[in-house]
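Per-entry structural report
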Amino acid sequence: GIAANLHAAFVSPNARYVEYAIAPDNIRAELLAEPVKLVDGFQALPTAPGLGVELPDGFEERYPYRPGIYEYA
């Protein structure tokens, strides 16, 4: 979701800010095609094509769906 929001903000003429947690998030780091780069306090435009999210091999096995688990609730 954050990748799509950032892409929408990058092309919007009046979106100055997109708020998201910059705390370490191993799952987000695994899914990003390239790491988030901050330049003068702002996120740099991604250079890779596409949304910038990739599903690495074995991801589903490391993080299986478990009903009833609400880690971010």
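Keep in mind it's a predicted model, so treat the numbers as computed, not measured. (Residues numbered from 1 in each chain as written. Predicted model: local features only at pLDDT ≥ 70, side-chain atom pairs only at ≥ 80, totals over all residues. Heavy atoms only, no water.)

1. Some words on the overall build of the chain
As a reminder, the rule being used: Starting at the N terminus, helices and strands are each numbered in turn, a helix being any DSSP run of H or I of at least four residues and a strand any DSSP run of E of at least two. Each residue's exposure class comes from its accessible area (1.4 Å probe, protein chains only) as a fraction of the maximum for that residue type: buried when under 20%, exposed when over 50%, partly exposed otherwise. Contacts: residue pairs with any heavy atoms within 4.5 Å of one another. Surface accessibility follows the Shrake-Rupley procedure with a 1.4 Å probe radius. Residue values consider only the protein chains on display as shielding.
Helix and strand counts for the chain come out as 3 helices and 2 strands. Counting only C-alpha atoms and orienting by the principal axes, one finds that the chain spans roughly 40 × 30 × 20 Å. Within the chain, buried positions represent 7% of all 73 residues. Taking as baseline every contact in the chain between residues at least 6 positions apart, the subset at least 24 positions apart corresponds to 49%. A total of about 6200 Å² of accessible surface is found on the chain, and carbon and sulfur atoms cover 59% of it.

2. A look at the layout of surface pockets
Any empty space left between atoms is shown by rolling a water-sized probe over those atoms. Note the cut-off: Cavities and pockets are found on a 1 Å grid laid over the protein atoms alone: a cavity is a set of points where a 1.4 Å probe fits but cannot escape, a pocket is an open set with protein on both sides within 12 Å along at least five of seven lines, and a lining residue has an atom within 4 Å of such a point. Grid points are joined across faces, edges and corners, and a volume is the space filled by probe spheres set on the points. As a working rule, the residues Ala, Val, Leu, Ile, Met, Phe, Trp, Tyr, Cys and Pro are called nonpolar, Asp, Glu, Lys and Arg charged, and the rest polar, with Gly in that last group.
Of the volumes computed, that of the largest pocket is approximately 360 Å³. Put simply, the parts of the chain that give the lining of the largest pocket at least two residues each are α1 (2-11) and β2 (42-43). Looking at the lining of the largest pocket element by element, the count peaks at 3 residues for α1. Of the residues in the lining of the largest pocket, the class split is 10 nonpolar, 2 polar and 1 charged.

3. Here's the deal with the packing of aromatic side chains
Threshold: Two rings belonging to Phe, Tyr or Trp (six-membered ring only in the last case) form a pair when the distance between their centres is within 6.5 Å. Interplanar angles under 30 degrees mark stacking, angles over 60 mark edge-to-face geometry, and anything in between is tilted.
Overall, the coordinates contain 1 aromatic pair when judged by the stated rule. Note on Phe59 and Tyr63: the rings are 4.9 Å apart at their centroids and 45 degrees apart in plane angle, and the pair reads as tilted.

4. So, the confidence of the model for the chain
Convention followed: For every residue, the predictor states its confidence as a pLDDT score lying anywhere from 0 to 100.
Chain-level pLDDT for the chain is 83 on average; 93% of the residues reach the 70-or-more range. Across the chain, the element-wise mean pLDDT spans from 82 in β2 up to 90 in helix α3 (residues 59-62).

5. What about the side chain of Glu34?
The condition is simple: Think of it this way: Lys and Arg go in the positive column, Asp and Glu in the negative one, and His and the chain ends go nowhere. The working definition used for a salt bridge is a side-chain nitrogen of Lys or Arg within 4 Å of a carboxyl oxygen of Asp or Glu. Pairs of N or O atoms within 3.5 Å make up the polar contacts considered here, provided that, within protein, one atom can donate a hydrogen while the other can accept it, and that residues adjacent in sequence are counted only when both atoms are side-chain atoms.
With respect to the helices and strands, the residue Glu34 is situated in the loop between α2 (26-31) and β1 (38-39). Here Glu34 sits buried without a salt bridge, and the closest side chain of opposite charge, Lys37, lies 4.0 Å off (N-O distance). A polar contact of 3.1 Å, which involves the side chain of Glu34, links it to the side chain of Thr47.

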